[in-house]
Amino acid sequence: MSELPRGIRNNNPGNLNFAHQPGAHLETGVPCPRFAAFPTMADGIRALRAQLLRYGQRGLTTVASIISVYAPSTENETTAYITTLCRHMGVQADTVLDLNDPATMSALIGGITTIENGPGHLTAAQIDQALHGLPALPQPAAEA
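Starting from 1, residues in each chain are numbered consecutively following that chain's sequence as written. This being a predicted model, a pLDDT of at least 70 is required before a residue's local features are given, and a value of 80 or more before pairs of side-chain atoms are given or counted; all residues contribute to the totals for chains, interfaces and linings. The basis for the side-chain values is all heavy atoms of the structure; hydrogens and waters are excluded.

Enquirer: Please provide a residue-by-residue account of the overall build of the protein, values included.
Expert: Secondary structure assignment for the protein yields six helices and two strands. Seen in sequence order, the protein has helices and strands lined up from the N terminus as α-β-β-α-α-α-α-α. Relative to its length of 144 residues, the protein is compact, with a C-alpha radius of gyration of 14 Å against a globular reference of 15 Å. Its C-alpha atoms give the protein principal-axis dimensions of about 40 × 35 × 30 Å. Note on classification: 1.4 Å probe, protein chains only; a residue is buried when its accessible area is under 20% of the maximum for its type, exposed when over 50%, partly exposed between these limits. In the protein, which comprises 144 residues, the share counted as buried stands at 40%. When checking whether two residues touch, look at their non-hydrogen atoms; a contact exists if any pair is within 4.5 Å. Counted over contacts in the protein with a minimum sequence separation of 6, partners at least 24 positions apart contribute 52%. Looking at the protein as shown, the accessible area adds up to about 7900 Å², and 55% of this sits on carbon and sulfur atoms. Looking at charge distribution, the protein has the averaged site of its 8 positive side-chain charges lying 6 Å from that of its 11 negative ones. The helix and strand labels rest on DSSP assignments: H or I over at least four residues marks a helix, E over at least two residues marks a strand, and numbering proceeds from the N terminus. In this setup the radius of gyration rests on C-alpha atoms only. A globule is expected at 2.2 Å times the number of residues raised to 0.38. Accessible surface is estimated by sampling points in the Shrake-Rupley manner with a 1.4 Å probe; for residues, cover comes only from the protein chains shown. None of His or the chain ends enter the tally, which takes Lys and Arg as positive and Asp and Glu as negative. In plain terms, the charge of a residue is placed at NZ if it is Lys, CZ if Arg, CG if Asp and CD if Glu.

This is the structure we're talking about:
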């Protein structure tokens, strides 16, 4: 299991910093813990949605504005992150996103979680299940 990306191990596919999110605790088993660990992957996906909606309430509604705060250049290749996410979503960096639109939110979360953890860890169906509060789909078995 330690071979899985940190965000997947923590059920936190957005790699959200621990901020006392409901149900979360500070990750364990790493030298410098900082990320939240959630009870289930669905909880982590919903926490990412909640964070993105908070950004929208603050007027951050484009990929460029969201990712400049979410993945700042002090820690990330922010320009590459924005470019990759825009390509994934099929939008421009300055396109205003409707964060209340389920398809937009699903695409945004899908892109972020793929950038954060690499491909193949979450499916669009898993994201949609979590966002719509439906029973979780089984997670794919970890590769040996």
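Let us keep going from here.
Enquirer: Can you lay out helix 2 (residues 41-57) for me, pointing to particular residues and giving the numbers?
Expert: Expected span, for any helix, means 1.5 Å times one less than how many residues it has. With 17 residues, helix 2 extends 25 Å from end C-alpha to end C-alpha; this agrees with the ideal 24 Å at 1.5 Å per step. Inspection of helix 2 places Met41, Ala42, Gly44, Ile45, Ala47, Leu48, Gln51, Leu52 and Tyr55 among the buried residues, and these make up the whole buried set. Buried residues belonging to helix 2 abut helix 1 (6-9), helix 3 (63-70), helix 5 (102-117) and helix 6 (124-131). A positive backbone phi angle near 90° is found at Gly59, which sits one or two residues after helix 2.

Enquirer: Kindly report on the side chain of Asn12, identifying the contributing residues and their values.
Expert: Residue position: Asn12 is located in the loop between helix 1 and strand 1 (25-26). N or O atoms within 3.5 Å of each other form a polar contact, as long as, within protein, one can give a hydrogen and the other can take it, and as long as residues adjacent in sequence are counted only when both atoms are side-chain atoms. A polar atom in the side chain of Asn12 sits 2.8 Å from the backbone oxygen of Ala36. Excluding residues within four positions of it along the chain, Asn12 makes contact with Gly7, Phe35, Ala36, Phe38 and Met41.

Enquirer: Residue-level account of the packing of helix 2 against helix 6, with values.
Expert: For any two helices packed against each other, the geometry comes down to the angle between their axes and how far apart the axes lie. All axes are obtained by fitting lines to C-alpha atoms, using only the stretch in contact for helices, and the reported angles, taken between N-to-C directions, cover 0 to 180 degrees. Contact pair helix 2 / helix 6: the axes reach a minimum separation of 9 Å and the direction vectors enclose 75°. As judged from the angle between their axes, helix 2 and helix 6 are roughly perpendicular. Packed against helix 2, whose contacting residues are Ala42, Ile45, Arg46 and Arg49, the element helix 6 presents Gln126, Ile127, Ala130 and Leu131 at the interface. Class assignment for the residues of the contact of helix 2 with helix 6 results in five nonpolar, one polar and two charged. Geometric relationships in this document are graded by angle, where less than 35 degrees denotes roughly parallel, more than 145 denotes roughly antiparallel, 65 to 115 denotes roughly perpendicular, and other angles denote oblique. Three categories are distinguished: nonpolar for Ala, Val, Leu, Ile, Met, Phe, Trp, Tyr, Cys and Pro, charged for Asp, Glu, Lys and Arg, and polar for the others, with Gly belonging to the last.

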